[in-house]
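One letter stands for each residue in the lines below.
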Amino acid sequence: MLASVHRIAREKGSGFGMETRETIRNFRERGILVDVRGHQLDPDKTGLVLVTCGDCDRTPENILFIRKVVDHSRLHELKLNGASLRIAKESPLNGEFPTDRILLEDIAESCMLKGIRVIALCGQYPCGKGASAGLGFKENLDLAVRGKMRIKAEVPLLMQEMMRRQGTLVPDLPVIKVAMFMHVDYEDRASTMRTYFVSRERWEAHHASTDGTATVFSPSLPPPEPTDNHDDTDIAV
Ligand SMILES: [Zn+2]
């Protein structure tokens, strides 16, 4: 099964070749993908709503890693094949079924039920679901970042609506934090896997077009000069 997923990915140009390896190296240099060391996603230790693919070969390793990073065991896991790719409005993976709406509702409900206000959206590459739509690494990352922004924009509104339905007075929109990870399986002989933080700010700067909007599946303009300022504060917000 795994071999066939990889075959499909290669045939669709979304496998893990030298070009993808070079892209990831480049994104790490630019601070788009950031090594995770000692970050504190959940300083209040209320827990984390973790949105991730259900991949049985990669997700367990990713979750183990996140448990170590968060230093807290209260993870509320929401799994769906290619989950991070299905939340963006532009996602090609939401054809017949509105999985974007289902995921957004579930995230909001989880935050409400468990009193959690920190969400971790975990992308994954390669991803069989993404490969089925021919998504390469950049498209995968772009859709996931768009998904993160949609969570930030819509989940507080959904939470507020849920509170209203419960008869709770809600003067302000709930405040949530959304962090994004990208789990990479390098598929080398050592089966090396790594999880990175994704800097939305750096990604959007990298892909900004002349009119200031980021576009899916379009060629990027020349990237900004890399800097050493890997400020964590733009990651977990
Ligand atoms: Zn996947």
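Bear in mind that the values here come from a model prediction, so they are computed numbers and not experimental data.

### Remarks on the packing of helix α4 (residues 99–114) against helix α6 (residues 137–166)
Helix-helix packing is described using two parameters, namely the angle between the two axes and the distance between the axes. At a minimum axis separation of 9 Å, α4 and α6 run at an interaxial angle of 60°. Classified by the angle their axes make, α4 and α6 are oblique. When the axes of α4 and α6 are compared, the crossing they make is right-handed. Touching Leu-104, Glu-105, Ile-107, Ala-108, Glu-109, Cys-111 and Met-112 of α4 are Ile-151, Glu-154, Val-155, Leu-158, Met-159 and Met-162, all from α6. Of the residues in the contact of α4 with α6, the class split is 10 nonpolar, no polar and 3 charged.

### With respect to the packing of α6 against helix α7 (residues 200–207)
Remark: α6 packs on α7, axes separated minimally by 11 Å, with the N-to-C direction vectors making an angle of 125°. Considered as vectors, α6 and α7 are oriented oblique to each other. At the point where α6 passes α7, the crossing takes the left-handed sense. Here Leu-141, Asp-142, Val-145 and Lys-148 of α6 lie close against α7, whose contacting residues are Arg-200, Trp-203 and His-207.

### Observations concerning the environment of Arg-86
The residue Arg-86 is located in the loop between β3 (75–79) and α4 in this model. A count of 26 C-beta atoms within 10 Å places Arg-86 in the buried class. For the pair Arg-86 and Arg-146, spaced 60 residues apart in the sequence, the C-alpha separation amounts to 9.8 Å. Contacts of Arg-86, omitting those with residues within four sequence positions, involve Leu-80, Ser-91, Leu-93, Asn-94, Thr-99, Asp-100 and Leu-103.

### Thoughts on the environment of Val-51
Tracing the backbone shows Val-51 in strand β2 (residues 48–52). Linking Val-51 and Leu-80, residues 29 residues apart in sequence, is a C-alpha distance of 8.1 Å. Val-51 has contacts with Leu-78, Ala-83, Ser-84, Leu-103, Ile-107, Ile-119, Ala-120, Leu-121 and Cys-122, leaving out every residue within four places of it along the chain.

Calculation rules
- Within any chain, residue numbers begin from 1 and follow the written order of that chain's sequence.
- Only residues with pLDDT of at least 70 get local features here, since the model is predicted, and only at 80 or more are side-chain atom pairs given and counted; chain-wide, interface and lining totals rely on the full set of residues.
- Note on definitions: angles span 0 to 180 degrees between N-to-C directions of axes, and those axes are lines fitted to C-alpha atoms, for helices only across the stretch in contact.
- In this text, helices come from DSSP runs of H or I with a minimum length of four residues, and strands from runs of E with a minimum of two, each type numbered from the N-terminal end.
- Roughly parallel covers angles under 35 degrees, roughly antiparallel covers those over 145, roughly perpendicular covers 65 to 115, and oblique covers all other angles.
- By definition, turning the near helix anticlockwise from the far helix through less than a right angle yields a left-handed crossing, and turning it clockwise yields a right-handed one.
- It is the C-beta atoms, placed from the backbone, that decide contacts: two residues are in contact if theirs lie within 7 Å.
- Residues are grouped as follows: Ala, Val, Leu, Ile, Met, Phe, Trp, Tyr, Cys and Pro are nonpolar; Asp, Glu, Lys and Arg are charged; all remaining types, including Gly, are polar.
- Comment: burial labels come from other C-beta atoms within 10 Å of the residue's own C-beta, placed from the backbone, where a count of 20 or more is buried, 12 or fewer is exposed, and between is partly exposed.

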